[in-house]
Amino acid sequence: MGLTVSLKQLTDELDQLEQKAVKDVQAALNEEALEKLRISLLGKKGRLSKVLGSMANLTSSERPLVGQRANVLKNQLQQLFDNRLRSIKNKALEASIAKETIDVTIPPTGFPFGNRHPLITTTEQIIDLFCGLGYEVKEGPEIENDFYNFAALNIPEEHPARDMQDTFYLRNNLLLRTHTSPVQIRSLEQMKPPVRIVAPGRVYRRDAVDATHSPVFNQVEVLAIDEGLDFSHLRGTVMAFLKSFFGDLPVRFRASYFPFTEPSAEVDVQWKGRWLEVMGCGMVDPAVLEELGIDSERWTGFAAGLGVERFCMVRHGIDDIRKLYTSDFRFLEQF
Ligand code: DAH
């Protein structure tokens with residue numbers, strides 16, 4: 001502004017400043033833009049200061065007119081800025097509240113509940129069916145000794161039957177049990193006949209892993225000792241159990257050999273056009289009972305060892321035993 005500035009020019013300038021400021025303040029959309037605008041208008045080097053600075057050229061009677069007008073405008077603008085700032089802050093708050101609102105009517109996407117493993121449920125289904133027939137559950141240790149795992153089951157040292165079950169040996173004559181049959185012996189040491197037990201558990205063999213073998217697997221042992229039990233009771237029990245578990249799958253008994261049963265059989269079910277062995281069984285060898293001090297003239301019994309993985313695989317159509325051990329959620333979530 002030059003030296004020739006007049007009162008009229010200054011008041012016009014203030015009018016323009018006011019009009020433009022009102023528009024600009026409304027147009028400022030956030031705190032930052034508003035603050036910039038405030039400094040450009042009301043700051044030390046802002047437009048209002050400039051107008052006041054050029055008042056020196058006015059007469060002493062004109063000066064207070066412009067000064068008053070400028071002061072009023074300054075207060076007005078300050079008020080305008082304050083209001084605008086409040087409204088910007090309110091809008092931001094409303095926006096963030098709207099964003100954080102929880103819509104309780106949206107359907108849930110599901111919650112990752114844990115599932116029971118199919119081997120556990122299969123074991124429980126087997127046990128439940130036998131419990132329905134009056135059997136009770138017994139358990140034994142996974143670390144066994146030679147006596148319970150072999151000798152007491154009529155498998156003396158050097159007996160070729162030991163080769164049927166390649167064993168993990170531990171120190172101090174201990175071993176990982178190769179089957180659940182030792183629970184038969186442990187139970188008969190404690191219980192008096194008549195006895196009806198089922199014994200679920202893990203067993204161990206030095207088998208290479210493939211689609212049908214695992215060095216750790218699960219069995220359920222079945223044992224019934226009573227007066228007058230014969231092979232028809234074994235067969236009737238096994239058939240009733242298999243029918244409950246599988247429905248009407250074809251079943252066959254195949255003559256076999258186990259040192260602790262005589263006669264012995266293996267039981268197959270027909271699945272996907274092939275016969276699949278699911279258990280070994282037989283009449284408890286009298287020699288086993290006599291060793292335990294049980295009168296084998298009076299008491300007879302039958303026993304069976306069920307392969308839990310086989311039951312599980314047939315039941316659920318699983319073609320590879322390894323799927324049961326790899327903890328792959330995509331597999332496990334199906335159960
Ligand atoms: N213990 C046998 C095995 O693991 C299976 C078995 C066969 C168990 C006959 C029995 C039985 O109780 O009577 O190969």
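Residues numbered from 1 in each chain as written. Predicted model: local features only at pLDDT ≥ 70, side-chain atom pairs only at ≥ 80, totals over all residues. Heavy atoms only, no water.

What follows covers the nonpolar core. Ranked by internal contacts, the top residues of the largest apolar core, which has 37 residues, are Ile126, Phe241, Leu242, Met279, Leu306 and Phe311. For this core, the secondary-structure elements that each account for two or more residues are helix H5 (118–132), strand S5 (216–227), helix H8 (231–246), strand S7 (261–271), strand S8 (274–284), strand S9 (299–307), helix H10 (308–316) and helix H11 (329–332). Among the elements that take part in this core, H8 stands out by supplying 6 residues, more than any other. With residues up to four places along the chain from it excluded, the contact list for Phe311 reads Thr122, Ile126, Phe241, Leu242, Phe245, Phe246, Val278, Met279 and Leu306. (Core = buried A, V, L, I, M, F, W, Y, C linked by side-chain atoms within 4.5 Å. Buried < 20%, exposed > 50% of the residue type's maximum accessible area, 1.4 Å probe, protein only. Helix = DSSP H or I, 4+ residues; strand = E, 2+ residues; numbered from the N terminus. Contact = heavy atoms within 4.5 Å.)

Further remarks concern empty space enclosed by the protein. Under the counting rule described, the total for this entry stands at 1 cavity of 30 Å³ or more. A volume near 40 Å³ is recorded for the largest cavity. Of all elements in the fold, only H8 and S9 reach the threshold of two or more residues within the lining of the largest cavity. Considering every element that reaches the lining of the largest cavity, the biggest residue donor is H8, with 4 residues. (1 Å grid on protein atoms, 1.4 Å probe; cavity = no way out; pocket = protein on both sides within 12 Å on 5 of 7 lines; lining within 4 Å. Points joined across faces, edges and corners; volume = space filled by probe spheres on them.)

The next thing to look at is a negative patch on the surface. On the surface, Asp163, Asp166, Asp207 and Asp210 cluster together to form a negatively charged patch. Mapped onto the fold, Asp210 is located in the loop between strand S4 (195–204) and S5. (Patch = residues over 30% accessible without salt bridge, like charges linked within 9 Å, V, L, I, M, F, W, Y side chains within 5 Å. Areas by Shrake-Rupley, 256 points an atom, 1.4 Å probe, with all protein chains shown as cover. Salt bridge = Lys/Arg side-chain N within 4 Å of Asp/Glu carboxyl O. Lys, Arg positive; Asp, Glu negative; His and termini not counted. Charge placed at Lys NZ, Arg CZ, Asp CG, Glu CD.)

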